[in-house]
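Report on the structure
Residues per chain are reported as follows:
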Amino acid sequence: MIAFEDFWNLYDKKVGLKEKIKKKWEKLTYGERLAAMEHIPKYIASQPCKCYRKNPETYINNKSWNDEIIEYVKPGNKQLTAEIANNWINQGRATNNGG
């Protein structure tokens, strides 16, 4: 069993009614709890600023552990932006439409 406190501490955005969120957590299956706990560190890495992360209740309600992780690109990181553009082009996603 994965305890609510483990989720609460790992997610580390302590907003909302804790007891209400705990009840929602306890309704999840073991597999859902495990998936959430595996997803959270990646989600936090992709969204390092707590103010932009989903509130914990929203995270559980939306089963956000199923969401794609969008990698964080630091604004102004031209090298990384160029790498993303080159990968996109090299994967054949860009086409020349005469423009």
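Up top is the structure.
Structure report, in brief. (Residues numbered from 1 in each chain as written. Predicted model: local features only at pLDDT ≥ 70, side-chain atom pairs only at ≥ 80, totals over all residues. Heavy atoms only, no water.)

Focus on the nonpolar core
- Counting 16 residues, the largest nonpolar core has F7, W25, I40 and Y59 as the members making the most contacts within it.
- Of all the secondary-structure elements, those providing two or more residues to this core are α1 (4-11), α2 (18-27), α3 (30-46) and α4 (56-61).
- Broken down by element, the residue count for this core peaks at 5 residues, all from α3.
- Ignoring sequence-local partners within four residues, the contact set of I40 consists of F7, L10, Y11 and Y59. (Core = buried A, V, L, I, M, F, W, Y, C linked by side-chain atoms within 4.5 Å. Buried < 20%, exposed > 50% of the residue type's maximum accessible area, 1.4 Å probe, protein only. Helix = DSSP H or I, 4+ residues; strand = E, 2+ residues; numbered from the N terminus. Contact = heavy atoms within 4.5 Å.)

Thoughts on the packing of aromatic side chains
- By the definition in use, this model includes 9 aromatic pairs.
- Both rings, one in F7 and one in W25, keep their centres 4.6 Å apart while their planes meet at 20°; by these two values the pair is stacked. Remark: W25 occurs in helix α2 and F7 occurs in helix α1; sequence separation between them is 18 residues. With respect to class, F7 is no different from W25; both count as buried.
- Aromatic side chains Y11 and Y59 sit 5.0 Å apart centroid to centroid with 50° between the ring planes, which places their arrangement in the tilted category. Here the residue Y11 occupies a position in helix α1, and Y59 occupies one in helix α4, the gap between them amounting to 48 residues. Neither Y11 nor Y59 differs from the other in exposure class; each is buried.
- Aromatic rings pair up to connect F4, F7, W8, Y11, W25, Y43, Y59 and W65 into one cluster. (Phe/Tyr/Trp six-rings, centres within 6.5 Å; stacked < 30°, edge-to-face > 60°.)

Describing the side chain of E57
- With respect to the helices and strands, the residue E57 is situated in helix α4.
- Look at E57 and you get buried, because its relative accessible area is 19%.
- In terms of polar contacts, E57 uses its side chain to reach the side chain of K20, at 3.4 Å.
- Setting aside chain neighbours within four positions, we find E57 in contact with K20, I21 and K24. (Polar contact = N/O pair within 3.5 Å; in protein donor to acceptor, adjacent residues only side chain to side chain.)

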